Amino acid sequence: PASITPPAIPVFPPLEAMELATPVLHGHTLPIALVILMALFSIQRFGTGVVGALFGPLLVVWFLMLAVTGIQQISLEPLILNALNPVTAVNFLADQNAKGDLMSVMGHVVLGVTGSECLYADLGHFGPLPIRLSWLTVTMPALFLNYLGQGALLIRDPSKADNPFYHMFPDSFLYPAVAMSSLATVVASQAVISGSFSITCEAISLGYLPRLTVLHTSKTKKGQIYIPSANYLLGAAVFVVAAVFGKASSLANAYGLSVTMTMAITTLLVSLVGVRSCVSHSRCYLLAPMLMVMGGILALDLLLLISCVDKFFDGAWLPFAVAVALFAAMTTWAKGTRLLRASIQEELPPLAPFLSWLTTEPVHRTSRTAVYAV
């Protein structure tokens, strides 16, 4: 369910910004977004490696643009660097809590941290090292600088709060910035789409989905796969969601609850794996510090989750409904498969009499090697 809204969300902001700059595009944002999404899903058959090689250099230029514009704004208002002090954030949240606006603020903070999970969606396609290097050396520094730059801009001119990101660019560079942003959104959506192929493949291996056609798009990376049926279904679902919601803010409401719930569930599962690992390797002395760390992370996850609950009827119900439907379908398939195998096992002859029969009766053997599909 968390794979339905992310591909559509990044496509809308640059188009909405272009609509503000060019009134001619008013009312045409949705059709253009659908065309971009159609093109995005149509190139999936070429594989993650081809898409990455095509858009990789573009992303480097894009993140350099983010960093440069952020540094420019920070130089004009260095006071924003106080935001790097955690005490400032704690004091700000305390003030908002005193005003009764803490949950509303945290609901907006969610949008500042969501998206990072897309990095790890492609873990099976590229491996951990490229993801760590790209995040630590390019992505995170550029985002830090750009977010600080937006804050510096708003300190100097609060009237630009409607769209601080694009207000950071000079008027003469607005159109190139929107064009670059539109192309970069294709890659942002690509991460979740290719990650959904990996999850679908794992679900097939675990017996929670029927066997689907899985195409390997790389001769050296076994994790780079393409599943046509999953691509078609996900594309259709994204099209419907984009057409129904029609703008980025509405999609963000649907996205926030699903992502925060995923974060909380992931923290619980990691804690469970950590406890089992400590016990199985006789490292119980690590249990207390690990549970303290994971407890702090879980508390933050739950805070973000609670802050998004009020958006349930504003669109957040959609991924929840999709999750329930997928859970019902997958568990039904798994249970049906187990019942079918049990029924087949009951109809098979006992193994011991069969083996004894092979030793007494002549068996016709061919001189060639036979391969049987199991």
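Heads up: the structure comes first, above all this text.
Values in this document were obtained by computation on a predicted structure and should not be read as measured data.

Draft legend 1. Structural context of the overall build of the chain. Along the chain, the regular secondary structure elements total 15 helices and 2 strands. Expressed as a percentage of the 374 residues in the chain, the buried residues total 36%. Considering only residue pairs separated by 6 or more positions, the chain has 73% of its internal contacts joining residues 24 or more positions apart. Summing over all exposed atoms, the chain offers an accessible surface of approximately 22400 Å²; the carbon and sulfur share of this is 71%.

Draft legend 2. The packing of aromatic side chains, seen in detail. Summed over the entire model, instances satisfying the criterion amount to 5 aromatic pairs. Following the ring pairs from residue to residue traces out a cluster consisting of Trp62, Phe165, Tyr166, Phe169 and Phe173.

Draft legend 3. Region of interest: the side chain of glutamine 150. Looking at the element boundaries, glutamine 150 is found in helix α8 (residues 128-156). A relative accessible area of 15% places glutamine 150 in the buried class. For glutamine 150, the contacting residues outside a window of four places in its chain are Pro164, Phe165 and Met168.

Draft legend 4. Here's a closer look at the pattern of salt bridges. Applying the stated criterion across every chain, the model contains 1 salt bridge. We note a salt bridge from aspartate 157 to lysine 160, for which the minimum N-O separation is 4.0 Å. The class for aspartate 157 is partly exposed, based on a relative accessible area of 24%.

Draft legend 5. Main features of the environment of alanine 242. The residue alanine 242 is located in helix α11 (residues 228-245) in this model. Relative accessible area serves as the criterion here: at 0%, alanine 242 is assigned to the buried category. Put simply, alanine 242 and proline 31 are 211 residues apart on the chain and 9.9 Å apart in space, counted from C-alpha to C-alpha.

Draft legend 6. The arrangement of helix α4 (residues 86-99) in detail. Here α4 spans 20 Å end to end across 14 residues, near enough to the 20 Å set by a 1.5 Å rise per residue. The positive-phi residue at the C-terminal boundary of α4 is glycine 100, with phi of around 80 degrees.

Draft legend 7. Region of the structure containing the environment of alanine 152. For alanine 152, the location among the structural elements is in helix α8. According to the relative accessible area criterion, alanine 152 is buried, its value standing at 0%. Residues alanine 152 and serine 75, spaced 77 residues apart in sequence, show a C-alpha to C-alpha distance of 8.7 Å.

Draft legend 8. Focus on unusual backbone geometry. You will see that serine 282, though not glycine, has its phi angle at about 55 degrees, which is positive. Structurally, serine 282 is set in the loop between α12 (248-280) and α13 (287-309).

Draft legend 9. Spotlight on the nonpolar core. Counting residues in each nonpolar core, the largest one holds 19 residues, and the members touching the most others are Leu59, Trp62, Met65, Leu66 and Phe165. Taken together, the elements giving at least two residues each to this core come down to α3 (48-76), α9 (164-167) and α10 (174-205). Per element, the largest residue contribution to this core is 9 residues, and it comes from α3. Of all hydrophobic cores here, the second largest spans 12 residues; its members include Leu37, Phe41, Tyr226 and Ile227.

Draft legend 10. Representation of the packing of helix α2 (residues 29-42) against α11 within the structure. Between α2 and α11, the least distance of the axes is 10 Å, while the angle of their chain directions is 170 degrees. By the criterion of interaxial angle, the relationship of α2 to α11 is roughly antiparallel. Contacts between α2 and α11 involve Leu30, Leu34, Leu37, Met38 and Phe41 on the former and, on the latter, Asn231, Leu234, Gly235, Val238, Phe239, Ala242 and Ala243. The residue makeup of the contact of α2 with α11, split by class, is 10 nonpolar, 2 polar and no charged.

Draft legend 11. A look at a nonpolar patch on the surface. On the surface, a cluster of nonpolar side chains totalling about 560 Å² of accessible area is made up of Leu351, Phe354, Leu355, Trp357, Leu358 and Val363. With respect to the helices and strands, valine 363 occurs in the segment after α15 (351-360). Accessibility expressed as a relative area gives 37% for valine 363, which makes it partly exposed.

Draft legend 12. Local environment of the packing of helix α5 (residues 102-113) against α13. Two elements in contact, α5 and α13, have axes separated by 8 Å at closest approach and are oriented at 110 degrees. Judged by the angle between their axes, α5 and α13 are roughly perpendicular. Along this stretch, α5 crosses α13, giving a crossing that reads as left-handed. Here Met103, Met106, Gly107, Val110 and Val113 of α5 come into contact with α13, specifically with Leu303, Leu304, Ile306, Ser307 and Cys308. Of the residues in the contact of α5 with α13, the class split is 8 nonpolar, 2 polar and no charged.

Draft legend 13. Quick peek at the state of the cysteines. The final tally for this structure, using the stated rule, is 0 disulfides. Take cysteine 278: it sits in no disulfide, and the sulfur closest to it among the cysteines is that of cysteine 284, at 7.3 Å. Overall, the relative accessible area of 7% leaves cysteine 278 in the buried class. The exposure class assigned to cysteine 284 is partly exposed, which follows from its relative accessible area of 48%.

Here is what the cut-offs are and how they apply
- Within any chain, residue numbers begin from 1 and follow the written order of that chain's sequence.
- The predicted origin of the model limits local features to residues at a pLDDT of at least 70 and limits the giving and counting of side-chain atom pairs to 80 or more, whereas totals for whole chains, interfaces and linings rest on all residues.
- Working from all heavy atoms in the structure, the side-chain values ignore hydrogens and water.
- Strands here mean DSSP runs of E at least two residues long; helices mean DSSP runs of H or I at least four residues long; both are numbered from the N terminus.
- The rule is simple: take the accessible area with a 1.4 Å probe, protein chains only, and divide by the maximum for that residue type; under 20% is buried, over 50% is exposed, in between is partly exposed.
- When checking whether two residues touch, look at their non-hydrogen atoms; a contact exists if any pair is within 4.5 Å.
- Note on areas: Shrake-Rupley with a 1.4 Å probe; residue coverage comes only from the protein chains shown.
- The aromatic pairing rule takes the rings of Phe, Tyr and Trp, using the six-membered ring of Trp, and pairs them if the centres are within 6.5 Å, calling planes under 30 degrees apart stacked, those over 60 edge-to-face and the rest tilted.
- By definition here, a salt bridge exists when the distance from a side-chain nitrogen of Lys or Arg to a carboxyl oxygen of Asp or Glu is within 4 Å.
- Helix span is expected to be 1.5 Å times the residue number reduced by one.
- Buried Ala, Val, Leu, Ile, Met, Phe, Trp, Tyr and Cys residues form a nonpolar core when they are joined through side-chain atoms within 4.5 Å.
- Throughout, an axis means a line fitted to C-alpha atoms (over the contacting stretch in the case of helices), and angles, computed between N-to-C directions, take values from 0 to 180 degrees.
- Orientation categories follow fixed angle ranges, with anything under 35 degrees roughly parallel, anything over 145 roughly antiparallel, 65 to 115 roughly perpendicular, and all other angles oblique.
- Residues are sorted three ways: Asp, Glu, Lys and Arg are charged, Ala, Val, Leu, Ile, Met, Phe, Trp, Tyr, Cys and Pro are nonpolar, and all the rest, Gly among them, are polar.
- Patch construction takes residues with relative accessible area above 30% that form no salt bridge. Like charges are linked within 9 Å, and nonpolar side chains (Val, Leu, Ile, Met, Phe, Trp, Tyr) are linked within 5 Å.
- Handedness of a crossing is defined here by the sense of rotation of the near helix relative to the far one, left-handed for an anticlockwise turn of less than a right angle and right-handed for a clockwise turn.
- Note on disulfides: each one is a pair of cysteine sulfur atoms within 2.5 Å.

By themselves these figures say nothing about function.
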